[in-house]
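The chain contents come next:
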Amino acid sequence: MERILLESQSQNNLMKNSNKSIDIDKLNESEFKMKNLYSMKNGISISTEEMLQLKNGEFIASVVVNYFLRKTIQNENIYVFETLEPEMISKEDDSSIRNNFQDAMLYPIWFIPFNDKSHFTLFIVHTIHQRNSFEQSWVLYFNSLVSFQTDINGHMEIIKRISNCIGCNFNDTINKINVPDQFGCDCGCCLCCFAEKYSMNMPKTIDETNALFGEPNVKSEMDDERRKMIISIEEDKYFNTQN
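Residues numbered from 1 in each chain as written. Predicted model: local features only at pLDDT ≥ 70, side-chain atom pairs only at ≥ 80, totals over all residues. Heavy atoms only, no water.

Draft legend 1. Spotlight on the overall build of the protein. The secondary structure content of the protein amounts to 10 helices and seven strands. For the protein, long-range pairs separated by at least 24 residues make up 70% of all intrachain contacts whose partners lie at least 6 apart in sequence. With an accessible surface of roughly 13200 Å², the protein has 48% of that area assigned to carbon and sulfur atoms. (Helix = DSSP H or I, 4+ residues; strand = E, 2+ residues; numbered from the N terminus. Contact = heavy atoms within 4.5 Å. Areas by Shrake-Rupley, 256 points an atom, 1.4 Å probe, with all protein chains shown as cover.)

Right, dumping it as structure tokens:
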């Protein structure tokens, strides 16, 4: 009941703000960005446009995936990467990669979202790390749309490059997890659902992982995930406006 009330109050605040007349042509760049800021958490901001895409059932932006994962994955053993885009990473030199991802070496498990050609996939990497309580190092690959051919090997090379730059090792055999097809749901919501579900259950083997994601009710799970993302961001918006 409290969540529903929060969502309603947040929506009312948004409607009040959206009814104000704004002459966009007269705003400078920084003012324009602030007028379009919907919510902010942990240094990641969501624009009004991105929030409306989420609410309207459209494809969600990488920043929404980053925002939600950073807020919901609360496990001291997991490092959550911001969504990687292969073209952008290819332009980075090793020094930049080392600076950007050096904190990852402190964590035994990496959650790495990729956005390639507007399709989201997820890699979960168990590194060779003294805090790794699992029996082995492995790489898990989650793709909610098998018919979409992603460059798995290319993505794996990016992960290897990052690990080499920060001095980490792992078994690079790729294990494709048998997740249900997204059935018309958004791949970004699917990714967030997979990541959250894995972090909550932490299966110990590949077989346990496949069993966890082999349930047929993916459509209802994805719909629930989208609603959860909306409420989560609405809550941040509400509390930010009260402080």
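Draft legend 2. Region of the structure containing the packing of aromatic side chains. According to the stated counting rule, one finds 11 aromatic pairs in the structure shown. With 6.0 Å between their ring centres and 70° between their planes, Phe-111 and Tyr-198 make a pair best called edge-to-face. Placement of the pair is Phe-111 in strand S4 (residues 109-116) and Tyr-198 in helix H8 (residues 187-201), with a sequence separation of 87 residues. Residue Phe-111 is classed as buried on the basis of its relative accessible area of 0%. Under the relative-accessibility criterion, Tyr-198 is labelled buried at 0%. Note that Lys-197 overlies the ring of Phe-213, its terminal NZ or CZ placed 5.6 Å from the centroid. (Phe/Tyr/Trp six-rings, centres within 6.5 Å; stacked < 30°, edge-to-face > 60°. Buried < 20%, exposed > 50% of the residue type's maximum accessible area, 1.4 Å probe, protein only. Lys NZ or Arg CZ within 6 Å of the ring centre and 35° of its normal.)

Draft legend 3. The packing of helix H4 (residues 62-72) against H8, seen in detail. Contact geometry of H4 with H8 gives a least axis separation of 10 Å together with a crossing angle of 15°. If you check the angle between H4 and H8, you find them roughly parallel. Here H4 and H8 pass one another in a crossing that is right-handed. Touching Val-65, Phe-68, Leu-69 and Thr-72 of H4 are Gly-188, Leu-191, Cys-192, Ala-195 and Glu-196, all from H8. Residues that form the contact of H4 with H8 fall into these classes: six nonpolar, two polar and one charged. (Axes fitted to C-alpha atoms, helices over the stretch in contact; angles between N-to-C directions. Parallel < 35°, antiparallel > 145°, perpendicular 65-115°, else oblique. Left-handed = near helix turned anticlockwise from the far one by under 90°. Nonpolar A, V, L, I, M, F, W, Y, C, P; charged D, E, K, R; others polar.)

Draft legend 4. Structural context of the side chain of Thr-83. Note on placement: Thr-83 falls in the loop between strand S3 (78-80) and helix H5 (86-89). If we skip the residues at most four places from it in the chain, Thr-83 touches Ser-62, Val-65, Asn-66, Pro-113, Phe-114, Asn-115 and Phe-120.

Draft legend 5. Structural view of the nonpolar core. Phe-111, Phe-142 and Tyr-198 are the most contacted members of the largest nonpolar core, which has 39 residues in total. Considering every element that reaches this core, the biggest residue donor is H8, with eight residues. Ignoring anything within four residues of it in the chain, the contact list for Tyr-198 reads Phe-111, Ile-124, His-126, Trp-138, Leu-140, Phe-142, Pro-203, Thr-209, Leu-212 and Phe-213. By size, the runner-up hydrophobic cluster in this structure holds 23 residues, among which are Phe-81, Leu-84, Ile-152 and Ile-166. (Core = buried A, V, L, I, M, F, W, Y, C linked by side-chain atoms within 4.5 Å.)

Draft legend 6. Geometry of the pairing of strand S6 (residues 138-142). By the criterion of burial, S6 is predominantly enclosed, with five of the five residues buried. Burial along S6 is two-sided: Trp-138, Leu-140 and Phe-142 and Val-139 and Tyr-141, pointing in opposite directions, are all buried. The pairing of strand S5 (residues 119-126) with S6 spans five bridges and is classified as antiparallel. Pairing of Val-125 across the sheet is with Val-139, part of S6. Alignment of S6 against strand S7 (residues 174-176), held across three bridges, turns out to be parallel. Considered in S7, the bridge of Leu-140 is made with Asn-175. What joins S6 to S7 is helix H7 (residues 152-166), and the crossover it makes is right-handed. (Pairing = 2+ DSSP bridges. Right-handed = clockwise from strand over helix to strand, strands pointing away.)

Draft legend 7. Spotlight on unusual backbone geometry. With a phi close to 55°, Lys-117 is a non-glycine residue in the positive phi region. The topology assignment puts Lys-117 in the loop between S4 and S5.

Draft legend 8. Structural view of H8. Between the first and last C-alpha of H8 there are 21 Å, a value that for 15 residues agrees with the 21 Å anticipated at 1.5 Å per step. Within H8, 13 of the 15 residues are buried, leaving the element largely enclosed by the surrounding structure. A positive backbone phi angle near 45° is found at Met-202, which sits one or two residues after H8. (Expected span 1.5 Å × (residues − 1).)

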